[in-house]
Amino acid sequence: MSLKDAYNGEPHFPSRALISRSAFEHNLSKARELAGEAQIMAVIKADAYGHGAEKIGEWALDAGVEWLAVAQLGEAIALRKALHERGRMLALIAEPGAPFWEALELGIDLSVGASWALDEIAFAANESGIRARVHIEVDTGMARGGFSLAELPDIIPMIAEYAQSGLIETVGLWSHLALADDLQSPETQRQTEDFERACELFADAGIDIEFHHLAASGGLLWHPRTRFSMVRTGIMLYGLSPAPEIATAEEMGLEPVMRLEADLVSVRDVPAGTGVSYGHTATTQEPMRLGTVPLGYADGIPRHASNSVEVVIGGQRHGLIGRVCMDQFVVAAPGAVAGDTVTLFGASASGFPTADDWAQHCDTIGYEIVSRLGTRVPRYFVD
Ligand SMILES: *Cc1c(COP(=O)(O)O)cnc(C)c1O
């Protein structure tokens, strides 16, 4: 599809995120190579980390991925409908009183990490006559969700009873690594051993579980023992590194899926000594041309990028000058004219800064750079 075709029918806006299908498929094949026998669960929470979950979900399913995961049950309900109930979808999070009955009717797999959830889901299964497919969450070190190992001896008989009565099917057992991005820490090994202990406790109780899943991208990439029978990959499918200080996306052969660009809305030639943007935190040292980029912190451009990151105009890198505003920021733009394309980030192979580069400048992670990209920036899906 040409860019022009991709733009057809899209809302008018002076910036855009180009989302590359071929890059996504490339990253997926990398993940599959590493995963070996383990299934890939493509994590498309938070609108596929800002990339557009409907399309990314569709691309993943078309490429033969069987499992999708989202965070909130509400995301799962919306996406499950949008994707016509194709494949399998796990909702990682639900709150008391959540519409579990609707989840069951839509065939959504549910995570269970507390006894209230077990009871509510079994109740919904009983009411609807649909057996609930659940993935039991065990807390091995995140302290944010799941049954502790100490609780399991009391919980397992309850689970066994619900399973025997046909209200639930125990499809999965899962946990999440806290330090997969730290190759020195013994914590990942300890968590893995605890996870294996949890698996044994279920096996000893005669509860069959098809999928054991512990690894996200970091585990898949750097801790082979954490792969088990399924891996929940998010960030690497979008072509970013879970920890660029260990290995950059480029070093791992991943291709960024998102390229963020905008049209310069104005340029001006200013003399030396010109204060730029709010607070005049920058002053020009020499006469220069400035360009105005129509993206701001309301679109997810971090205010921490002020006076720090670089963008590309006409193949040249130019620094951001002064503070990022709500809808705009100013860059050095020698030789540029209004309407010129500014690329904020994309693939390093194409000479662009990456979202991981932005993250480094802004004291955050690439996950945050892409997932906070605002909803008013249109996404264009390209080959
Ligand atoms: C977000 C998330 C993932 C995916 O993590 P990545 O680092 O993006 O691969 C996997 N599992 C859980 C529980 C998550 O919350």
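Residues numbered from 1 in each chain as written. Predicted model: local features only at pLDDT ≥ 70, side-chain atom pairs only at ≥ 80, totals over all residues. Heavy atoms only, no water.

**Things to note about the nonpolar core**
Considering soluble globular proteins, one finds that nonpolar side chains tend to be buried as a cluster. The biggest cluster of nonpolar side chains holds 120 residues, and the ones touching the most others in it are L73, F329, L344 and W358. Per-element tally for this core: the top contributor is helix α7 (residues 115–128), with six residues. A domain-level breakdown of this core finds at least three residues from each of domain 1 (21–240) and domain 2 (258–381). Here L344 is in contact with L260, E261, A262, V293, L295, I301, E310, V311, F329, P353 and W358, once residues within four sequence places are set aside. (Core = buried A, V, L, I, M, F, W, Y, C linked by side-chain atoms within 4.5 Å. Buried < 20%, exposed > 50% of the residue type's maximum accessible area, 1.4 Å probe, protein only. Helix = DSSP H or I, 4+ residues; strand = E, 2+ residues; numbered from the N terminus. Domains from an automatic or database assignment. Contact = heavy atoms within 4.5 Å.)

**Structural notes on the pattern of salt bridges**
Here the structure, examined in full by the defined rule, presents 18 salt bridges. A salt bridge links R225 to E193; the nearest nitrogen and oxygen atoms lie 3.9 Å apart. With R225 in the loop between α10 (217–222) and β10 (230–233) and E193 in helix α9 (residues 187–204), this pair connects stretches of sequence that are 32 residues apart. R225 sits in the partly exposed class, given a relative accessible area of 41%. On the basis of relative accessible area, E193 is assigned to the partly exposed category, the value being 35%. Across the pair E368 and R372 runs a salt bridge, and its minimum N-O distance is 2.5 Å. A residue is classified by how much of its surface remains accessible, and E368, at 30% relative accessible area, is partly exposed. (Salt bridge = Lys/Arg side-chain N within 4 Å of Asp/Glu carboxyl O.)

**Observations concerning the sheet that holds strand β1 (residues 15–20)**
One open sheet accounts for nine strands, arranged β12-β15-β18-β17-β16-β19-β11-β1-β20; its pairing is mixed. In the strand order of this sheet, the two ends are held by β12 (266–270) and β20 (379–382), each with one partner. Adjacent strand axes in the sheet meet at a mean angle of 35 degrees when their direction is disregarded. Where strand β17 (residues 316–321) meets strand β18 (residues 329–332), two bridges bridge the pair, whose relative direction is antiparallel. Across the sheet, the residue bridging to I321 is V330, located in β18. In the packing of helix α2 (residues 21–35) onto the sheet, the strands contacted are β1 and β20, and the crossing angle to β1 comes to about 40 degrees. (Pairing = 2+ DSSP bridges. Axes fitted to C-alpha atoms, helices over the stretch in contact; angles between N-to-C directions.)

**Remarks on the packing of helix α8 (residues 152–164) against α9**
At their nearest, the axes of α8 and α9 sit 10 Å apart, and the two run at 45 degrees to each other. Here α8 is positioned oblique relative to α9, judged by the angle of their axes. Of the two possible hands of crossing, α8 and α9 adopt the one that is right-handed. Counted together, L152, I156 and I159 of α8 and A198, L201 and F202 of α9 form the full contact between these two elements. Tallied by class, residues from the contact of α8 with α9 come to six nonpolar, no polar and no charged. (Parallel < 35°, antiparallel > 145°, perpendicular 65-115°, else oblique. Left-handed = near helix turned anticlockwise from the far one by under 90°. Nonpolar A, V, L, I, M, F, W, Y, C, P; charged D, E, K, R; others polar.)

**Thoughts on the UniProt feature "binding site: substrate" (unreviewed entry) in the chain**
Following the UniProt record, one finds the feature "binding site: substrate" (unreviewed entry) at R144 and M326. Judged by maximum C-alpha separation, these annotated positions cover 183 residues in sequence and are scattered in space, the widest gap reaching 33.0 Å. Apart from residues lying up to four places away in sequence, R144 is in contact with D139 and H176. By the secondary structure assignment, M326 is in the loop between β17 and β18. Residue M326 is classed as partly exposed on the basis of its relative accessible area of 42%. Excluding residues that lie within four positions of it along the chain, M326 makes contacts with G296, Y297, A298, D299 and R376. (UniProt positions renumbered as here; feature names shortened; annotations may be inferred.)

**Looking at the packing of aromatic side chains**
Summed over the entire model, instances satisfying the criterion amount to eight aromatic pairs. A centroid spacing of 5.0 Å and a plane angle of 80 degrees characterise the contact between F195 and F228, whose relative ring orientation is edge-to-face. You can see F195 sitting in helix α9 and its partner F228 sitting in the loop between α10 and β10, a full 33 residues away along the chain. We classify F195 as buried; its relative accessible area is 0%. (Phe/Tyr/Trp six-rings, centres within 6.5 Å; stacked < 30°, edge-to-face > 60°.)

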